[in-house]
Amino acid sequence: MSATLLRWTLLLLGQLPLPLLHGLGWLLGNLLWLAPNGLRAVTRRHLELCFPERSAQERARIERLSLIESAKAVCEAPALWFGSERRLRRWTGDETALRALRTAVAGGKGAIMLTPHLGAWEIASFFCAQAGPITVLYKPQKGVSDALILRGRTRLGVHPVPTSGGGVKALLGALRRGELVGILPDHDPPDESGTRFAPLFGIPANTMDLVGKLAARSGAPVWFISAERLSWGRGFRYHLQRAPAGIDQAERSAEALNQGVEACVTRLPEQYWWSYKRYRRRPPGAADPYLGLK
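Treat the numbers as computed from the prediction; the structure is a model and nothing was measured.

Q: What am I meant to see in the overall build of the protein chain here?
A: Helices and strands together make up the secondary structure of the protein chain, namely 11 helices and 8 strands. The C-alpha radius of gyration of the protein chain comes to 19 Å, within 12% of the 19 Å expected for a compact globule of 294 residues. Dimensions of the protein chain, computed from the C-alpha atoms along their principal axes, are close to 50 × 50 × 40 Å. Evaluated residue by residue, the protein chain yields a buried proportion of 54% over its 294 residues. In the protein chain, of all internal contacts separated by at least 6 residues, the share reaching a separation of at least 24 is 74%. Here the protein chain has roughly 13600 Å² of accessible surface; of this, 59% comes from carbon and sulfur atoms. Averaging the coordinates of the 39 positive side-chain charges in the protein chain and doing the same for the 24 negative ones gives two points 5 Å apart.

Below is the structure:
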């Protein structure tokens, strides 16, 4: 698809009502659940590994809803990136959560806001921007879509920076100015970026140590923020929780980070991105959890 056609497609989709976009996501998610495919297979494997104590019926329910919610995340993105600013501000106008956010960042040291791939993670940075400037780390995309996505993420005072040495310096600079920074904490990061293995739902997961380093150097508080997607296109509800103790300590940061991710996901497992291969990199000698999957 050419850049021009992609741009106009995203702009047009961005004007559609949220209930219609979520309805399209519901349809696509159900198709993913009904037809054999890699996303469904990975989702099912993750739920078997991470929720062995739950019944097969309960895991099947979460599997279906997770695929639906992931499809909704894709369908709603153009509305968040290219829809009207007035509508976006309405979606981020959760006054109760805003009061909690402003209290959380009132210490003058800025704050590190961690957003797992849960619910409407794309809108979380726009919500946080209401408490002040926020610099967010993002992974550049390949092809013509990168510039368009970057443009869409640069709204309401959000400043995206790439996952590079320069991007990390920009995060530290923002914290030194008393501003907010945003990070997606549940990627499987490349080895050269600084990682260690830490339990995530009892399974060793390759985990970034960037958050711990930033917290230790800046003294900024660390919070988890998630945007719950409400049914029938009614908008979003925001949840904040303080990161577990020890996230600013080198020997504990990865474990504390994953504990915080677990707590967010356990509260709303139906809206987590279970189809992402979080456990691709394995410790020496560990079995590949995706062996045999498409």
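Back to the write-up after that little detour.
Q: Sorry, what's going on with the side chain of Ser253 here?
A: As for its position among the elements, Ser253 is in helix α11 (residues 253-267). The exposure class of Ser253 is buried, given its relative accessible area of 4%. Beyond its immediate stretch of four places on either side in the chain, Ser253 contacts Gly212, Gly246 and Ile247.

Q: Is there a simple way to explain the layout of surface pockets in this structure?
A: A volume near 320 Å³ is recorded for the second largest pocket. Trp26, Glu69, Lys72, Ser231 and Trp232 are, among the 18 residues lining the second largest pocket, the residues nearest its centre. Elements with a contribution of two residues or more to the lining of the second largest pocket: α2 (18-34), α4 (56-82) and β7 (222-229). A per-element tally of the lining of the second largest pocket places α4 first, with 5 residues. Among the residues forming the lining of the second largest pocket, the class breakdown is 6 nonpolar, 5 polar and 7 charged.

Q: How do you make sense of the sheet that holds strand β8 (residues 236-242) when you look at a structure like this?
A: Strands in a sheet are paired, the pairing made by backbone hydrogen bonds, and the direction either parallel or antiparallel. Strand order in the open sheet formed by 6 strands is β3-β2-β4-β1-β7-β8, with mixed pairing between adjacent strands. Only two strands of the sheet have a single partner each, and these edge strands are β3 (158-162) and β8. Strand-to-strand, the axes of this sheet are offset by a mean angle of 25 degrees, without reference to chain direction. Relative to β3, strand β2 (residues 134-138) runs parallel, the two sharing 5 bridges.

Q: Where do I start with helix α6 (residues 95-104) in this structure?
A: Three or four residues apart is the spacing at which side chains of an α-helix point the same way, because the helix has 3.6 residues per turn. Of all the residues in α6, the buried ones are Ala97, Leu98, Leu101 and Ala104. What you see down the axis of α6 is that its buried residues fit within an arc of 125 degrees, all on one side. Set apart from the buried face of α6 by more than 90 degrees, the exposed residues are Thr96, Arg99 and Thr103. Buried residues along α6 sit against β1 (111-114), α7 (121-128), β7 and β8.

About the thresholds
- Residues numbered from 1 in each chain as written.
- Predicted model: local features only at pLDDT ≥ 70, side-chain atom pairs only at ≥ 80, totals over all residues.
- Heavy atoms only, no water.
- Helix = DSSP H or I, 4+ residues; strand = E, 2+ residues; numbered from the N terminus.
- Rg over C-alpha atoms; globule rule 2.2 N^0.38 Å.
- Buried < 20%, exposed > 50% of the residue type's maximum accessible area, 1.4 Å probe, protein only.
- Contact = heavy atoms within 4.5 Å.
- Areas by Shrake-Rupley, 256 points an atom, 1.4 Å probe, with all protein chains shown as cover.
- Lys, Arg positive; Asp, Glu negative; His and termini not counted.
- Charge placed at Lys NZ, Arg CZ, Asp CG, Glu CD.
- 1 Å grid on protein atoms, 1.4 Å probe; cavity = no way out; pocket = protein on both sides within 12 Å on 5 of 7 lines; lining within 4 Å.
- Points joined across faces, edges and corners; volume = space filled by probe spheres on them.
- Nonpolar A, V, L, I, M, F, W, Y, C, P; charged D, E, K, R; others polar.
- Pairing = 2+ DSSP bridges.
- Axes fitted to C-alpha atoms, helices over the stretch in contact; angles between N-to-C directions.
- Arc of directions from axis to C-beta.

So far we have only geometry, and geometry alone does not tell us how the molecule works.
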